[in-house]
Amino acid sequence: MSPFLQVSGLTRRFGGLVAVNDLSFSVAKGEIVGLLGPNGSGKTTVLNMISGHLPPSDGQIALADTRLSGLGPHKIARQGVARTFQLVRALPSLSVTENVIVALAFGRKRLWGEAARLEALKRLEQVGLAHRAGQQAGDLTYIDQKRMELARALAADPQLLLLDEWLAGLNPTELQTGIELIRGLKSSGITILMVEHVMEAIRALCGRCVIMNAGIKIADAPTAEALSDPAVVTAYLGEQHA
Ligand SMILES: Nc1ncnc2c1ncn2[C@@H]1O[C@H](COP(=O)(O)OP(=O)(O)OP(=O)(O)O)[C@@H](O)[C@H]1O
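- In the nomenclature of an unreviewed UniProt entry, the chain corresponds to ATP-binding cassette domain-containing protein from the organism Paracoccus litorisediminis.

What follows is the structure in structure tokens.
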């Protein structure tokens, strides 16, 4: 399959620290790929560079035929890239619907007024949050905050969705709901790159995993193969013993 997202030689330095070191990988259209690695291995930094929140020190990122590296976050969003953040970024005093409407202004569609409200409601329905549409965002439970964060990302009408530990902190029932939700997004044609630590979710969702350690790619293979790679096992064991 031809790559949809292509990352080549991606590097990010923070002073003397090389957080991401000459990383290359690709994601085909319609795939769910896991981006894994022990804490501090550079995963969020990779997402930040793909979404334009952080400029790369070196290397390139392309989506289909469009070069993303060098563009800012709003331009990248308009190319069809959306993301969730590890810490939900809600506007707590606004309603759930209003939070999604704010995100709509940055997406591919650019909707305002009644059209924006209807689109926001559609996205809330998609993530199972329509019944909370009028509630203040600050009053949502944790899982519902996560749903709202996802609705905000989906409001941008993404072709590529970047999930940063979206399933972290959910109880077992919520986790199953979350897994089904992400499966549904794949069925609707969205390509997904997900940073995740929850192994059950990774095994259930990701056809393939790219695994990093200390900024370097140590595995890139179908999930079961990648997770049993000796270099990966050693990297994770190192973390447990740290
Ligand atoms: N803005 C920054 N300034 C300086 N150092 C940073 C910055 N952002 C990340 N780092 C460092 O880069 C390295 C990679 O961090 P990153 O957050 O990408 O790792 P991660 O794999 O996402 O970790 P986690 O699983 O804990 O979220 C870490 O050593 C981190 O301290």
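So much for the structure itself; the text now carries on.
## A few points about the site of the ligand
Move 1: Around the ligand, the surrounding shell consists of F14, L17, A19, G37, N39, G40, S41, G42, K43, T44 and T45.
Move 2: For the shell around the ligand, the secondary structure elements donating two or more residues are β2 (17-28) and α1 (43-50).
Move 3: Among the elements that make up the shell around the ligand, the one with the highest residue count is α1 (3 residues).
Move 4: Partitioned by chemical class, the residues of the shell around the ligand number 3 nonpolar, 7 polar and 1 charged.

## Some points on the sheet that holds β2
Move 1: Spatially, the 4 strands line up as an open sheet ordered β2-β1-β4-β5, and their pairing is antiparallel. Each having just a single partner strand, β2 and β5 (66-67) make up the two edges of the open sheet.
Move 2: Summarising the sheet, strand β4 (residues 58-63) and β5 pair through 2 bridges and their orientation is antiparallel. Note that in β5 the partner of A62 across the bridge is R67.

## A word on the environment of D58
Move 1: With respect to the element layout, D58 can be found in strand β4.
Move 2: Judged by the 14 C-beta atoms lying within 10 Å of it, D58 is partly exposed.
Move 3: The contacts of D58, once residues within four sequence positions are left out, are G9 and T11.

## A closer look at the packing of helix α4 (residues 113-126) against helix α5 (residues 142-155)
For any two helices packed against each other, one specifies the crossing angle of their axes together with the interaxial distance.
Move 1: Between α4 and α5, whose axes approach to 9 Å, the crossing angle comes to 130°. In terms of orientation, α4 and α5 fall into the oblique class. Read as a crossing pair, α4 and α5 show a hand that is right-handed. Between α4 and α5, the residues in contact are E119, A120, R123, L124 and Q126 and A151, L154 and A155, respectively.
Move 2: In terms of residue class, the contact of α4 with α5 is built from 5 nonpolar, 1 polar and 2 charged.

## Quick word on the sheet that holds strand β10 (residues 216-222)
Move 1: Pairing is mixed across the open sheet formed by 6 strands, whose spatial order is β6-β7-β8-β3-β9-β10. Two strands bound the open sheet, and with one partner strand each, they are β6 (81-83) and β10. Across the sheet, the axes of successive neighbouring strands diverge by a mean angle of 15°, strand direction being ignored.
Move 2: Across 5 bridges, the pairing between strand β7 (residues 160-164) and strand β8 (residues 191-195) is parallel. Each bridged residue has a counterpart across the sheet, and for L160 the counterpart in β8 is T191.
Move 3: Across the sheet, α1 touches β3 (32-36), β6, β7, β8 and β9 (208-213), and the angle it forms with β7 is around 150°.

## Comments concerning the nonpolar core
Move 1: Within the largest apolar cluster, 67 residues are counted, with the highest numbers of intra-cluster contacts made by V100, A151, L161, I192, L193, M194 and C209.
Move 2: Among the elements that line this core, the one with the most residues is α5, at 6 residues.
Move 3: When neighbours within four sequence positions are excluded, L161 is seen to be in contact with A82, A153, L185, I190 and I192.

## What about helix α6 (residues 172-187)?
Move 1: Along its 16 residues, α6 runs 23 Å from first to last C-alpha, staying within 8% of the 22 Å computed at 1.5 Å per residue.
Move 2: Within α6, the full set of buried residues consists of G178, I182 and L185. Angularly, the buried residues of α6 cover 50° about the axis, an arc narrow enough to put them on a single face. Across α6 from its buried face, at more than 90 degrees, point the exposed residues P172, T173, E180, G184 and S187.
Move 3: Summarising the contacts, the buried residues of α6 are in contact with β7, β8 and α7 (199-205).

Cut-off values and rules
Residues numbered from 1 in each chain as written. Predicted model: local features only at pLDDT ≥ 70, side-chain atom pairs only at ≥ 80, totals over all residues. Near = placed C-beta within 6 Å. Helix = DSSP H or I, 4+ residues; strand = E, 2+ residues; numbered from the N terminus. Nonpolar A, V, L, I, M, F, W, Y, C, P; charged D, E, K, R; others polar. Pairing = 2+ DSSP bridges. Buried ≥ 20, exposed ≤ 12 C-beta atoms within 10 Å, placed from the backbone. Contact = placed C-beta atoms within 7 Å. Axes fitted to C-alpha atoms, helices over the stretch in contact; angles between N-to-C directions. Parallel < 35°, antiparallel > 145°, perpendicular 65-115°, else oblique. Left-handed = near helix turned anticlockwise from the far one by under 90°. Core = buried A, V, L, I, M, F, W, Y, C linked by C-beta atoms within 7 Å. Expected span 1.5 Å × (residues − 1). Arc of directions from axis to C-beta.

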